Amino acid sequence: NVNLADGFRGGRLTFKGTRFVDADPRNAPAAAVDFEDFAPGEALLHLGGHYHAAEPIQQGERTNMVLWLMGEHGVVRVAPYERGERGS
């Protein structure tokens, strides 16, 4: 998530566990990131399987650029590739 806006309030990002990694990801303790503290151009990277949500914006307007990175055959891997399967 790349922040492209300035001057908004609210909209914290909350995170819980990660699918296929944590035993009970939906019930993992929540952690939050105050995205309003990010300057335009600053970004937050996280696993797509990480349960996350954006809280409501309290003031202004937030604009993000969201990118998805995919692995071989469009699959997102949460396990490392074997040495012979790595792209680099």
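Please refer to the structure placed before this passage.
This one's a predicted model, so the numbers in the text were calculated from it and none came from an experiment.

What counts and what doesn't
Residues numbered from 1 in each chain as written. Predicted model: local features only at pLDDT ≥ 70, side-chain atom pairs only at ≥ 80, totals over all residues. Heavy atoms only, no water. Helix = DSSP H or I, 4+ residues; strand = E, 2+ residues; numbered from the N terminus. Buried < 20%, exposed > 50% of the residue type's maximum accessible area, 1.4 Å probe, protein only. Contact = heavy atoms within 4.5 Å. Areas by Shrake-Rupley, 256 points an atom, 1.4 Å probe, with all protein chains shown as cover. Lys, Arg positive; Asp, Glu negative; His and termini not counted. Charge placed at Lys NZ, Arg CZ, Asp CG, Glu CD. Core = buried A, V, L, I, M, F, W, Y, C linked by side-chain atoms within 4.5 Å. Pairing = 2+ DSSP bridges. Axes fitted to C-alpha atoms, helices over the stretch in contact; angles between N-to-C directions. Salt bridge = Lys/Arg side-chain N within 4 Å of Asp/Glu carboxyl O. Patch = residues over 30% accessible without salt bridge, like charges linked within 9 Å, V, L, I, M, F, W, Y side chains within 5 Å.

Student: What is the right way to read the overall build of the protein from this model?
Tutor: Helix and strand counts for the protein stand at zero helices and seven strands. Counted from the first residue to the last, the protein has its helices and strands arranged as β-β-β-β-β-β-β. Its C-alpha atoms put the protein at 50 × 30 × 15 Å along the principal axes. Relative to its 88 residues, the protein shows a buried fraction of 22%. In the protein, the share of contacts with a sequence separation of at least 24, taken over all contacts with a separation of at least 6, comes to 73%. Just so you have it, the protein exposes about 6600 Å², and 53% of that area is on carbon and sulfur atoms. Both charge centroids of the protein, one from 9 positive and one from 12 negative side chains, sit 5 Å from each other.

Student: Quick question: what am I supposed to make of the nonpolar core here?
Tutor: Nonpolar side chains tend toward joint burial in soluble globular proteins. Residues Ala-5, Phe-8, Leu-13, Phe-15, Phe-35, Phe-38 and Leu-44 constitute the largest nonpolar core, which totals seven residues. Excluding residues within four positions of it along the chain, Ala-5 makes contact with Pro-40, Glu-61, Arg-62 and Thr-63.

Student: How do you make sense of the sheet that holds strand S5 (residues 50-54) when you look at a structure like this?
Tutor: Strand pairing within a sheet occurs via backbone hydrogen bonds; the two strands may be parallel or antiparallel. Spatially, three strands are ordered S4-S3-S5 in an open sheet, and the strand pairing comes out antiparallel. Sheet topology places strand S4 (31-33) and S5 at the edges, where each strand pairs with a single neighbour. Between one strand axis and the next, the sheet turns through 30° on average, direction left out of account. Alignment of strand S3 (residues 13-18) against S4, held across three bridges, turns out to be antiparallel. What sits directly across from Phe-15, in S4, is Ala-31.

Student: Would you explain the pattern of salt bridges in this entry?
Tutor: Going through the model one piece at a time under the given rule, you end up with two salt bridges. Arg-12 is the salt-bridge partner of Glu-55, the closest N and O atoms lying 3.2 Å from each other. Taken together, the residues span a long stretch of sequence, with Glu-55 in the loop between S5 and strand S6 (57-59) and Arg-12 in the loop between strand S2 (9-10) and S3 at a distance of 43 residues. By relative accessible area, which is 29% here, Glu-55 ends up partly exposed.

Student: What should I look at first to understand a nonpolar patch on the surface in this one?
Tutor: A surface patch of nonpolar side chains, about 290 Å² in accessible area, is lined by Leu-4, Met-65 and Leu-67. In this structure, Met-65 sits in strand S7 (residues 64-65). The class for Met-65 is partly exposed, based on a relative accessible area of 38%.

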